[in-house]
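What follows is each chain in one-letter form.
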Amino acid sequence: MNGKQLTLCGKHNDLLTVVWKLGWGLALQPQLVELMVSLHAYPSEQMCRRGIRELKEAQLVKAKHWLDGKSKILILCKPAIAYIMNCSSAEIASIPTYTSREPDRKSVFRLWYAQDLVQGKELTSYTALTEAINNSYLSLYCHLTELSNYWKAHEAFFRPVGITSMS
């Protein structure tokens, strides 16, 4: 990662984190812009779109067309993922190419859920959003490597495996 990419990752950390954590590396651009502005990460939609353009130009994010042929699905590139995960690009497995739109749809669903939480609970930051998600007992946004810690943190909520009621 070069110096410009590192600077941009720091500048747009919340956006990259939302795409990685909530979208699992994918995000529908109009939906992402709306969410980031509602989280007060950017003062306006124009500023958020400008930030996305900077990330694209620095090859931290790439885009493909969404089903409507107009909107874009943003896809994090390896340097951005490495920054978010605090590791080197060499430690990141190659980014899968999907033959279906299923991952795109799941990303859209997770971001809709996040936007609904933001509006319903009047959240104003990414930190507040992650706290609300954690408190909702929803593991949908967790990556596979994060599930173990998630289950341990919420084990009082979940019934122990193998124990059944004899009543």
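Computed from a prediction, not measured in an experiment: that's the story for all the values here. (Residues numbered from 1 in each chain as written. Predicted model: local features only at pLDDT ≥ 70, side-chain atom pairs only at ≥ 80, totals over all residues. Heavy atoms only, no water.)

Colleague: Help me understand the overall build of the protein chain, please; the structure alone is not making it clear to me.
Modeller: From N to C terminus, the protein chain includes eight helices and three strands. Secondary structure elements of the protein chain, listed N to C terminal, follow the sequence α-α-β-α-α-β-β-α-α-α-α. Counting the 167 residues in the protein chain, one finds 38% classified as buried. Sequence-distant contacts in the protein chain: of pairs separated by 6 or more residues, those separated by 24 or more amount to 57%. Accessible surface for the protein chain amounts to roughly 10,000 Å². Of this, 54% is attributable to carbon and sulfur atoms. (Helix = DSSP H or I, 4+ residues; strand = E, 2+ residues; numbered from the N terminus. Buried < 20%, exposed > 50% of the residue type's maximum accessible area, 1.4 Å probe, protein only. Contact = heavy atoms within 4.5 Å. Areas by Shrake-Rupley, 256 points an atom, 1.4 Å probe, with all protein chains shown as cover.)

Colleague: Quick question: what am I supposed to make of the nonpolar core here?
Modeller: Where a protein is soluble and globular, its nonpolar side chains tend to be buried together. Counting residues in hydrophobic clusters, the biggest one holds 37 residues, and the most contacted among them are L15, L16, L22, L32 and L129. Those elements that place two or more of their residues in this core are α1 (3-11), α2 (13-21), α3 (29-38), α4 (45-57), β3 (72-76), α5 (78-85), α6 (102-121) and α7 (126-135). No other element matches the five residues that α2 contributes to this core. With residues near it in sequence (within four places) discarded, L15 still touches L32, M36, Y42, C48, I52 and L55. If you look at the next biggest cluster of nonpolar residues, it comprises six residues, including W66, I73, I75 and V108. (Core = buried A, V, L, I, M, F, W, Y, C linked by side-chain atoms within 4.5 Å.)

Colleague: What is the right way to look at the pattern of salt bridges in this model?
Modeller: Pairing is possible between side chains of opposite charge, provided their charged atoms come close. Applying the stated criterion across every chain yields a total of two salt bridges. In this structure, K11 and E54 form a salt bridge, with 3.3 Å as the shortest nitrogen-oxygen distance. Residue K11 is found in helix α1, and its partner E54 is found in helix α4; the two are separated by 43 residues along the sequence. Note on K11: relative accessible area 54%, which makes it exposed. (Salt bridge = Lys/Arg side-chain N within 4 Å of Asp/Glu carboxyl O.)

Colleague: Looking at this structure, how should I read the pairing of strand β2 (residues 61-65)?
Modeller: Each regular strand shows side chains that alternate between the opposite faces of the sheet. Where β2 and β3 come together, five bridges link them in antiparallel fashion. For A63, the partnering residue across the bridge sits in β3 and is L74. Between the end of β2 and the start of β3, which pair antiparallel, lie six residues, with G69 showing a positive phi angle near 80°. (Pairing = 2+ DSSP bridges.)

Colleague: When you look at the confidence of the model for the protein chain in this model, what are you seeing that I'm missing?
Modeller: A low pLDDT means the predicted coordinates there should not be read in detail. For the protein chain, mean pLDDT is 83; residues scoring 70 or higher make up 80% of the total. Averaged over each element, pLDDT in the protein chain is lowest for helix α8 (residues 147-153) (69) and highest for α4 (97). (pLDDT = per-residue confidence, 0-100.)

Colleague: Honestly, α3 in this entry has me stumped. Any pointers?
Modeller: An α-helix turns once every 3.6 residues. As a result, residues three or four positions apart point the same way. Along α3, the residues that are buried comprise Q29, Q31, L32, V33, L35 and M36. Buried positions along α3 lie against α2, β1 (26-28), α4, β3 and α6.

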